[in-house]
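# Coordinates in review
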Amino acid sequence: MIKAQEISVDGRPALLTVPTEVPVRAGVVALHGSSSSAYRQAIFEHLAATLAPLGVAVLAFERAPWPYDDVDIPYAVQAEGAVAAYRELKAHHDVPVGFWGVSQGTWVAALAAQQLPETAFLLLLGCAGVSPAAQMRFATELSVRRAGYDVAGALEIRDEVAELLRGKKRGEVARDSAERVAVDELLQRQSGEPWFDLAGIPVDLGDELPVWHEIDFASEPLYATVKCPVLLMHGEDEANLPVPETLDVWRRAAAVSGNTQVESVRIPGVGHWPGTPDRSVDGISEDYGAILRDWFTR
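Report follows, based on the coordinates. (Residues numbered from 1 in each chain as written. Predicted model: local features only at pLDDT ≥ 70, side-chain atom pairs only at ≥ 80, totals over all residues. Heavy atoms only, no water.)

Turning to the state of the cysteines, a few remarks are in order. Evaluation of the coordinates by the stated rule reveals zero disulfides. No disulfide involves Cys127; its nearest neighbouring cysteine sulfur is the one of Cys228, lying 12 Å away. On the basis of relative accessibility, which here comes to 0%, the residue Cys127 falls in the buried class. (Disulfide = S-S within 2.5 Å. Buried < 20%, exposed > 50% of the residue type's maximum accessible area, 1.4 Å probe, protein only.)

Now the structure itself:
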């Protein structure tokens, strides 16, 4: 049996789930993917239901809002929230505490561990070893190719928009600039192509370009600072990021840090999301749940 208690992290709502029939022996802070800042979501609910009966307290918290019109909340800002959640969990239960992160949250987990050398472990679901720009380029290429189309046009869009956003990050791009006009015209020309929606870029980028803070975020130097046990979990049909390249990055990073406790597993029958397309709790892979249970009970 388990019980869930509403608490707060830095004044924002959070949910702490603990066992009722066994002692708390470890803790996990759950970190968000890019699509939702909520503390109540299916993947967190599944994590708590899977781990709490094993004596693992699970803390999920509401991610702090970012008051700017940007693509993503900067990873350093997210890591501040992760560190605060870690300390809140430790205040409730003085046990070894680690981080679980999904997709974007895997970078945040590593950043938080960098700030907290006492971090007990990292459980990383859908972790990328390449930059966010390279990850999205890979996902676009694979999506377009699987649909049976030539990928050249979609990759041109991805590359040109990424370069434009790099300029925006440096404060160099205005709406009427030659660079912006050229990209707008490219998008209009290509918008009628049958593969266009698969590129993941809107026809109209809007009056004010967003800032993609982490567009070229360097994963490998960060992972080389991780010295705690790491479990890398990727779907067998992962289509959002290059798994072999990611594992190579982690091997090199572990060699630098001297970390001999980096493991990798593939989850059968799933992709980036470890379950059915409806993203329901009931649809989450039993194999994924078994991987988590095995890691904590070995």
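With that settled, consider the packing of aromatic side chains. How two aromatic rings sit relative to each other is set out by the distance from centre to centre and by the angle between their planes. Within this structure, the stated rule accounts for 10 aromatic pairs. Both rings, one in Tyr75 and one in Phe217, keep their centres 5.2 Å apart while their planes meet at 70°; by these two values the pair is edge-to-face. Taken together, the positions of Tyr75 in helix 2 (residues 75-92) and Phe217 in the loop between helix 6 (178-190) and helix 7 (219-223) put the pair 142 residues apart, joining distant regions of the chain. For the pair Tyr75 and Phe217, one class covers both residues: buried. With a centroid separation of 6.3 Å and an interplanar angle of 70°, the aromatic rings of Trp107 and Phe217 are classed as edge-to-face. Placement of the pair is Trp107 in helix 3 (residues 104-115) and Phe217 in the loop between helix 6 and helix 7, with a sequence separation of 110 residues. (Phe/Tyr/Trp six-rings, centres within 6.5 Å; stacked < 30°, edge-to-face > 60°. Helix = DSSP H or I, 4+ residues; strand = E, 2+ residues; numbered from the N terminus.)

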